[in-house]
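Below, each chain spelled out in residue letters.
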Amino acid sequence: MIAPRIAVILDENTSADGTTYEANKNYFQALAAQGARAYGIPYARDMAESILHDFDGYLSIGAGIAFPASWYSAPVGSPFKQSERLDIDCALMQAFLAANKPVLGICHGMQQLAALCDSKLRGDLSGTVHDGGAHEITLQPGTLLHTIIGQQSLTVNSRHKEAVHTLGPGVVASAAAPDGVIEAIELPG
């Protein structure tokens, strides 16, 4: 069996000067542990077609970059800096979805996926359980996540500053925190 090739969009050090690509090794190690080969992807729009052709799936990792104001339920100013990542990340995510190839969004990536599917975000989760501590989430029975995990709940760590607020058509919440914050979504099909 040939190992699936997964394109992983790299983050950048937006908290500093934005000149360095970076990504947590855990993303790559977790994919390798599942038999996949993970490759870091830079922000090069001219590579989008070959990335779609050459890779079996796409992972959009966590980030601290600004989303468009129109993605929020209520007008907010993003606490994050602008990044050239957003355009290529959105283009790749949409291309993989259109090609019916798997997409996984973690933290920022999940929020971006939700917004691209007409969901709305909310800002400012500071002072909640999502501010860096471990907390429990409940998995929605009948979802793919519930089937994969095989449990009703999990303990996770969160450092969210923003979250999915309302779901767009066809978007399913597959896990939530005790305070109702959506922790995972799915696009059935």
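This section reports on the structure supplied with the text. (Residues numbered from 1 in each chain as written. Predicted model: local features only at pLDDT ≥ 70, side-chain atom pairs only at ≥ 80, totals over all residues. Heavy atoms only, no water.)

**Quick look at the packing of helix α3 (residues 85–98) against helix α4 (residues 108–116)**
Any two packed helices are characterised by the angle at which their axes cross and by the distance between the axes.
Next up, step 1: In the contact formed by α3 and α4, the axes pass within 11 Å of each other and the chain directions differ by 65°. With respect to each other, α3 and α4 are oriented roughly perpendicular. Two packed elements cross with a definite hand, and for α3 against α4 that hand is right-handed. Facing α3, whose interface residues are R85, L86, D89, C90, M93, Q94 and L97, α4 presents H108, G109, Q112, L113 and L116.
Next up, step 2: Grouping the amino acids of the contact of α3 with α4 by side-chain chemistry returns six nonpolar, four polar and two charged. (Axes fitted to C-alpha atoms, helices over the stretch in contact; angles between N-to-C directions. Helix = DSSP H or I, 4+ residues; strand = E, 2+ residues; numbered from the N terminus. Parallel < 35°, antiparallel > 145°, perpendicular 65-115°, else oblique. Left-handed = near helix turned anticlockwise from the far one by under 90°. Contact = heavy atoms within 4.5 Å. Nonpolar A, V, L, I, M, F, W, Y, C, P; charged D, E, K, R; others polar.)

**A short note on the sheet that holds strand β5 (residues 57–60)**
Next up, step 1: Here four strands make up an open sheet; going across it, the order is β4-β1-β5-β6 and the pairing parallel. The outermost strands of the open sheet, each flanked by one partner alone, are β4 (37–41) and β6 (103–105). Sheet twist, expressed as the mean angle between neighbouring strand axes with direction ignored, is 20°.
Next up, step 2: Two elements, strand β1 (residues 5–9) and β5, share four bridges in a ladder whose sense is parallel. Note on β5: the bridge partner recorded for I6 is G57. (Pairing = 2+ DSSP bridges.)

**Considerations on helix α1 (residues 25–33)**
Next up, step 1: Sitting at the head of α1, N24 places a side-chain oxygen 2.7 Å from the backbone nitrogen of N26.
Next up, step 2: The positive-phi residue at the C-terminal boundary of α1 is G35, with phi of around 90°. (Polar contact = N/O pair within 3.5 Å; in protein donor to acceptor, adjacent residues only side chain to side chain.)

**Some thoughts on the nonpolar core**
If you look at soluble globular proteins, the nonpolar side chains tend to sit buried side by side.
Next up, step 1: Y58 and L92 are the most contacted members of the largest nonpolar core, which totals 29 residues.
Next up, step 2: Every element with two or more residues in this core is listed here: β1, α2 (48–54), α3, α4 and β12 (182–186).
Next up, step 3: It is α3 that provides the largest number of residues to this core, a total of six residues.
Next up, step 4: Once you skip the residues sitting within four places of it in the chain, L92 turns out to touch I9, I41, A48, I51 and Y58. (Core = buried A, V, L, I, M, F, W, Y, C linked by side-chain atoms within 4.5 Å. Buried < 20%, exposed > 50% of the residue type's maximum accessible area, 1.4 Å probe, protein only.)

**Quick look at the pattern of salt bridges**
Next up, step 1: Tallied over the full model, the rule gives two salt bridges.
Next up, step 2: A salt bridge links D11 to R85; the nearest nitrogen and oxygen atoms lie 3.3 Å apart. One end of the pair, D11, is in strand β2 (residues 11–12); the other, R85, is in helix α3, and 74 residues separate them in sequence. Residues D11 and R85 agree in their burial class; the two are buried.
Next up, step 3: Two residues, D89 and R85, come together in a salt bridge whose shortest N-O distance is 3.0 Å. Placement of the pair is D89 and R85 together in helix α3, with a separation of four residues, close to one helical turn. (Salt bridge = Lys/Arg side-chain N within 4 Å of Asp/Glu carboxyl O.)

**A short note on the environment of Q140**
Next up, step 1: Residue position: Q140 is located in the loop between β8 (131–139) and α5 (144–149).
Next up, step 2: When near neighbours in sequence (up to four residues on either side) are disregarded, Q140 contacts H146, A173 and S174.

**Quick notes on unusual backbone geometry**
Next up, step 1: Even without glycine at this site, C107 takes up a positive phi of about 55°.
Next up, step 2: As for its position among the elements, C107 is in the loop between β6 and α4.
Next up, step 3: For D118, which is not glycine, the phi torsion reads 65° and is therefore positive.
Next up, step 4: Its place among the elements puts D118 in the loop between α4 and β7 (120–123).

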